[in-house]
Amino acid sequence: PGAPASGKDVAIAGLPDGSAQLVIVGPNDVVYHAGRHANGQWTAFTALDGSNGPAFAKRVSIGATADRTAHVAIVGTNDSLYHRIRRPDGNWTPFQTLPGSPAAGRDDAIAGLSDNSAQLVITGLDDVVFHRGRHANGQWTDFQALDGSNGQALAKRVSIGANADRTTQVAIVGTNDVVYHRIRRPDGNWTGFQPAPGTGNTPAPKGSDVAIS
């Protein structure tokens, strides 16, 4: 409901109370937010504010933690990476630049976990896939490049989803358009990237975008 009725990018997160939070990049590059109550009623779209007026972005992502906090991560129109929080009472923190290197990227995805921490994956400007974590106390780990079969993993698009046991699942579209998947265990250990399975003897699927929940 409400404006805008079209957009360039979209992300949605489900909360433990049965509600959902939606963020989009509108056709004017402004970031908008809307909520869906558990009874199916939607709030109107509202523009999220940046440091000097509305927030502008190329890509947007959202994840929710067990305490009903929503984490929004965006790639700004200047390629910088930003993060903000929506509290369970509906109040927002301001967008803050994500510290550390890389400080810019092409795509991002964030997932909230059952212990109120969060996990973030991005593609850097060099297409390398990076990961970092946010502890429940607000402290971030450093970005770490994820490895692929022949060095660093490269991707066009990234996505991440979290299970109740704090396992996170990452799916990417590689620079060869193949869809790959890997798992981060609750102890911080990773499986390797593997192509998503095809059907029968067909090759691994290819795509232009990917999302996992």
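Residues numbered from 1 in each chain as written. Predicted model: local features only at pLDDT ≥ 70, side-chain atom pairs only at ≥ 80, totals over all residues. Heavy atoms only, no water.

J.: A description of the layout of surface pockets should follow, citing residues and the corresponding values.
T.: Its boundaries defined by the atoms lining it, the largest pocket holds a volume of some 700 Å³. Among the secondary structure elements, those contributing two or more residues to the lining of the largest pocket are strand 1 (9-14), strand 7 (57-64), strand 11 (107-112) and strand 17 (155-162). Residues that form the lining of the largest pocket fall into these classes: 21 nonpolar, 10 polar and five charged. (1 Å grid on protein atoms, 1.4 Å probe; cavity = no way out; pocket = protein on both sides within 12 Å on 5 of 7 lines; lining within 4 Å. Points joined across faces, edges and corners; volume = space filled by probe spheres on them. Helix = DSSP H or I, 4+ residues; strand = E, 2+ residues; numbered from the N terminus. Nonpolar A, V, L, I, M, F, W, Y, C, P; charged D, E, K, R; others polar.)

J.: Tell me about the pattern of salt bridges, and please be specific about residues and values.
T.: Per the counting criterion, the structure on display carries 12 salt bridges. A salt bridge links D29 to K8, with the shortest nitrogen-to-oxygen separation between them at 2.8 Å. One end of the pair, D29, is in the loop between strand 2 (20-25) and strand 3 (31-36); the other, K8, is in the segment before strand 1, and 21 residues separate them in sequence. Given the relative accessible area of 23%, D29 is considered partly exposed. Measuring nitrogen to oxygen at the nearest pair gives 3.3 Å for the salt bridge that ties R182 to D147. Note that R182 is positioned in strand 19 (residues 179-184) and D147 in strand 15 (residues 147-148), a separation of 35 residues in sequence. Each of the salt bridges in this network shares a partner with another, and the network as a whole consists of D9, R59, D107, R157 and D209. (Salt bridge = Lys/Arg side-chain N within 4 Å of Asp/Glu carboxyl O. Buried < 20%, exposed > 50% of the residue type's maximum accessible area, 1.4 Å probe, protein only.)

Nothing here speaks to function; it is geometry throughout.
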